[in-house]
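Each chain, written out:
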Amino acid sequence: MKFRADEIASVLRQEIEHYESRIDVREVGRVLEVGDGIARVYGLSGVMAGEMVEFPNGTTGLAFNLEENSVGIIILGDYLQIQEGDEVKSTGRLLSVPVGEAVIGRVLDPLGNPLDGKGPVVTSERRPVESIAPGIAERQPVREPLQTGIKAIDSMTPIGRGQRELIIGDRKTGKTAIGIDAIINQKNSGVKCFYVAIGQKESTVAGVIEALRRNGAMDYTTVVLAGASDPAPLQYVAPYAGTAMAEYFMYKGQHALIVYDDLSKQAVAYRQLSLLMRRPPGREAYPGDVFYAHSRLLERSAKLSAELGGGSLTSLPIIETLEGEVSAYIPTNVISITDGQIYLQPDLFFAGQRPAMNVGISVSRVGGAAQIKAMKKVAGGLRLDLASFRELEAFAQLGTDLDAATQSRLDRGYRMIELLKQGQYVPMDVYDEILIIYAGTRGHLDEVPRTEVQQWEKQFLIFIRDQKPEIRKKIIDTNDVDDATMQSINSAIAEFKAQYNARKQEGKTVRV
């Protein structure tokens, strides 16, 4: 075969023109097998644990299992387009997400890609999805209250900034509602909110986003969504991605609140990945390190020391139980990591008590430290009173004749239960909560019929705002309820009762 000199010259000229002095060195491997959101790859011997890798169709993967002859990759995206024999490149970078003000008000997937059709997230700042939690010297005790706007929680199981309070209960008992109400109540408080939906139906999440938008909460909230139809790797990564976005504000000296809805589904996704990777199963087939998966996530919530800016990240993880089984593997794990739990009971929910909080089991391990002084004074014995009321109620159901003192305790308990009921998406100002709980615990509602308690409450708060604003102002200014304030509240209640009863009488005569 004869070579033509001009052809050789033109090829050499082209090569010289396109010659690059820097050498592109990349580690490349081949897909041995792929399926169910994971790929086994041969040839990436220098890859790091948690390093991002890239498949030919642009899909990202994460090095999950480092084995002797191959690497187990979890695929963060559409694994159906990846074929056996495809080339896989290592990137030398750890998985990170975009952070900053640009993510606020957006609906994103766990990789930071927008799902709301509002265009790309424009920010130059990124944070690694996995980062080490602040150490003991970098924290300070939780003292600053984070008001949820829910009377039962703010009075009996208060939550502080930097705390981790578990919301636990069976399905359809109002767990998400508590998290959403807490987010709505942060309006004008400067707290940035993050709602991480893991394995939820997308129609349900759309409803949540609409409720947030309707109440003006999307202005300071980011939704991170890994829906039920998303692959298990994305559901596993979602809470870490949401935490990375929230941590940005904590380290800037600001305050953030994150709701994980829910970690049971994340644990199931992690179990699926681990079993596919042939990791040895433990109790309930979960891998041995499922406790570490949740502890390294929740320990990132903290109240930072003054030297680090004093920022905080408060988390409300949600766990779904089956048939009220609190002693199952994942619930006991997360209970032991968190600083208290709000236990929602189906019986109470179906009896019309909402939030359906079981006062006996629910607890906040931060306690009164996360309450303002006025609330501590007013609601000090409320939790024990309600717990003893529940026992008394069970005893009264036996049909025994009760003495007058016991009967009056029962009557007050029933009225307190009515008083603590609250609708969805209507969080209450903490100073209104204080006035209402004061009226209930001091016996001012003992003569009010049970069916009228909530109407009495609404009208009393209107009366205070319109006719006695100085009482509310004094509580706001001092954050305390001293003897003089108590006297003025008592006289205001007496005045309101007279007006309320007079209006009632007028109403009766009109109806007749």
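Criteria and thresholds
Per chain, the residues get numbers from 1 upward, laid out in the order the sequence is written. With the structure being a predicted model, the display of local features is reserved for residues of pLDDT at least 70 and the display and counting of side-chain atom pairs for 80 or more, all residues being used for whole-chain, interface and lining totals. Values reported for side chains reflect all heavy atoms of the structure, with hydrogen atoms and water molecules removed beforehand. Helix and strand assignments follow DSSP, with helices taken as H or I runs no shorter than four residues and strands as E runs no shorter than two, numbered in order from the N terminus. Only protein chains enter the accessibility calculation, which uses a 1.4 Å probe; a residue is then buried when its area is under 20% of its type maximum, exposed when over 50%, and partly exposed in between. The contact criterion used throughout is that any non-hydrogen atoms of two residues lie within 4.5 Å. For this count, His and the chain ends are skipped, Lys and Arg are scored as positive, and Asp and Glu as negative. A charged residue contributes its charge at one atom only: NZ of Lys, CZ of Arg, CG of Asp or CD of Glu. Strand pairing is defined by DSSP finding a minimum of two bridges between the two strands. A carboxyl oxygen of Asp or Glu within 4 Å of a side-chain nitrogen of Lys or Arg is what we treat as a salt bridge. Here an axis means a line fitted to C-alpha atoms, over the contact stretch when the element is a helix, while the angle between two N-to-C directions is reported on a 0 to 180 degree scale. Angle categories: roughly parallel below 35 degrees, roughly antiparallel above 145, roughly perpendicular from 65 to 115, and oblique for all the rest. Crossing handedness follows the turn of the near helix against the far one: under a right angle anticlockwise gives a left-handed crossing, and clockwise gives a right-handed one. Aromatic pairs are defined between Phe, Tyr and Trp rings, using the six-membered ring for Trp, whenever the two ring centres lie within 6.5 Å; interplanar angles under 30 degrees are classed as stacked, those over 60 as edge-to-face, and all others as tilted. Note on criteria: charge over ring means Lys NZ or Arg CZ within 6 Å of the ring centre, with the direction from the centre no more than 35 degrees off the ring normal. Whenever two N or O atoms come within 3.5 Å, that pair is a polar contact, provided that in protein one can donate a hydrogen and the other can accept it, and provided that, for residues adjacent in sequence, both atoms are side-chain atoms. Here a helix's expected span is defined as the number of its residues, less one, multiplied by 1.5 Å. In this context, the arc is that of the directions from the helix axis out to the C-beta atoms.

A. Up close: the overall build of the protein. A count of helical and extended segments in the protein gives 16 helices and 16 strands. Along the first, second and third principal axes, the C-alpha atoms of the protein reach 115 × 50 × 45 Å. When burial is assessed residue by residue, the protein has 52% of its 512 residues classed as buried. For the protein, restricting intrachain contacts to residue pairs at least 6 apart in sequence, the fraction spanning at least 24 positions comes to 74%. In the protein, 59 side chains carry a positive charge and 66 a negative one; their mean positions are 4 Å apart.

B. View of the pairing of strand β2 (residues 38-42). Most of β2 is tucked away: 4 of the 5 residues are buried. Here strand β1 (residues 28-35) runs beside β2; their pairing, made up of 5 bridges, is antiparallel. What sits directly across from Gly35, in β2, is Ile38. Counted between consecutive antiparallel strands, the loop separating β1 from β2 contains 2 residues, among which Asp36 sits at a positive phi close to 55 degrees. Examined bridge by bridge, β2 and strand β5 (residues 71-76) share 4 bridges and lie antiparallel to one another. Considered in β5, the bridge of Ala39 is made with Ile73.

C. Region of interest: the pattern of salt bridges. Summed over the entire model, instances satisfying the criterion amount to 30 salt bridges. One salt bridge connects Glu299 with Arg139, and the closest N-O pair in it is separated by 3.6 Å. Here Arg139 lies in the loop between β9 (126-128) and α2 (151-156) and Glu299 lies in the loop between α7 (290-298) and β14 (312-320), a separation of 160 residues in the sequence. Residue classification places Arg139 among the partly exposed positions, given a relative accessible area of 24%. Between Arg164 and Glu299 there is a salt bridge; the shortest N-O distance is 2.8 Å.

D. Representation of the packing of helix α12 (residues 404-420) against helix α13 (residues 430-441) in the model. For the pair α12 and α13, interaxial distance at closest approach is 10 Å and the crossing angle is 165 degrees. Taken together, the axes of α12 and α13 are roughly antiparallel relative to one another. Seen along the crossing, α12 lies across α13 with a hand that is right-handed. Facing α12, whose interface residues are Arg412, Met416 and Leu419, α13 presents Ile436, Gly440 and Thr441.

E. Quick look at the packing of aromatic side chains. Within this structure, the stated rule accounts for 14 aromatic pairs. Measuring from centroid to centroid gives 4.9 Å for Tyr236 and Tyr270, while their planes differ by 10 degrees, and the two rings are stacked. Of the two residues, Tyr236 is situated in helix α5 (residues 232-251) and Tyr270 in helix α6 (residues 263-276); the sequence distance between them amounts to 34 residues. The buried category is assigned to Tyr236, whose relative accessible area is 6%. Relative accessible area serves as the criterion here: at 3%, Tyr270 is assigned to the buried category. Site record: aromatic cluster; members linked through ring pairs are Trp456, Phe460, Phe463, Phe496 and Tyr500. The lysine or arginine in question, Arg354, covers the ring of Phe349, its NZ or CZ lying 4.0 Å from the ring centre. Over the face of the ring belonging to Tyr414 we find Arg450, whose NZ or CZ atom lies 4.1 Å from the ring centre.

F. Summary view of the sheet that holds strand β11 (residues 192-198). Read from one edge to the other, the open sheet built from 8 strands follows the order β8-β12-β11-β13-β14-β10-β15-β16, with strand pairing classed as mixed. Among the strands making up the open sheet, the edge pair consists of β8 (107-108) and β16 (363-364). Lying on the sheet, α5 is in contact with β8, β11, β12 (221-226), β13 (255-261) and β14; it crosses β11 at an angle near 175 degrees.

G. Broad picture of the side chain of Ser364. Residue position: Ser364 is located in strand β16. Ignoring sequence-local partners within four residues, the contact set of Ser364 consists of Thr157, Pro158, Gln163, Glu165, Asp339 and Gly340.

H. Layout of the sheet that holds strand β4 (residues 60-66). With antiparallel pairing, the 6 strands of this closed barrel are ordered in space as β1-β2-β5-β4-β3-β6. Averaged over neighbouring strand pairs, the angle between their axes works out to 45 degrees when direction is ignored. Docked against the sheet, α5 engages β4 and β5, running at close to 80 degrees with respect to β5. Packing against the sheet, α6 makes contact with β2, β4 and β5, and its axis sits at approximately 35 degrees to β2.

I. Structural view of the side chain of Asp86. Structurally, Asp86 is set in the loop between β5 and β6 (87-94). Within the local environment of Asp86, its side chain forms a polar contact with the backbone nitrogen of Gln83, the two atoms lying 2.9 Å apart. For Asp86, the contacting residues outside a window of four places in its chain are Gly29, Arg30, Val31, Pro56 and Gln81.

J. Quick peek at helix α8 (residues 329-337). Counting buried positions over the 9 residues of α8 gives 7, a clear majority of the element. Taken as a whole, α8 has its buried residues at Tyr329, Ile330, Pro331, Asn333, Val334, Ile335 and Ile337.

K. Helix α14 (residues 453-467), seen in detail. For α14, built from 15 residues, the straight-helix expectation of 21 Å at 1.5 Å per residue is met to within 8% by its first-to-last C-alpha distance of 20 Å. Burial in α14 covers these residues: Val453, Trp456, Glu457, Phe460, Leu461, Phe463 and Ile464. The arc that holds the buried residues of α14, viewed along the axis, is 160 degrees, so those residues lie on one side. Along α14, the residues that are exposed and aim more than 90 degrees away from the buried face are Lys458, Ile462 and Asp466.

L. Looking closely at the environment of Ser45. Tracing the chain through its elements places Ser45 in the loop between β2 and β3 (51-54). Separated by 25 residues in sequence, Ser45 and Ser70 have C-alpha atoms that sit 7.7 Å apart.

M. Layout of the environment of Asn479. Of note, Asn479 is situated in the loop between α15 (469-478) and α16 (483-511). Along the primary structure Asn479 and Ala396 are separated by 83 residues, whereas in three dimensions their C-alpha atoms are 39 Å apart. Residue contacts for Asn479: discarding those within four places in its chain leaves Ile372, Lys373, Ala374, Tyr431 and Lys474. Within the structure, Asn479 has its side chain in polar contact with the side chain of Tyr431 (distance 2.7 Å).

Purely spatial values, then, with no claim about function.
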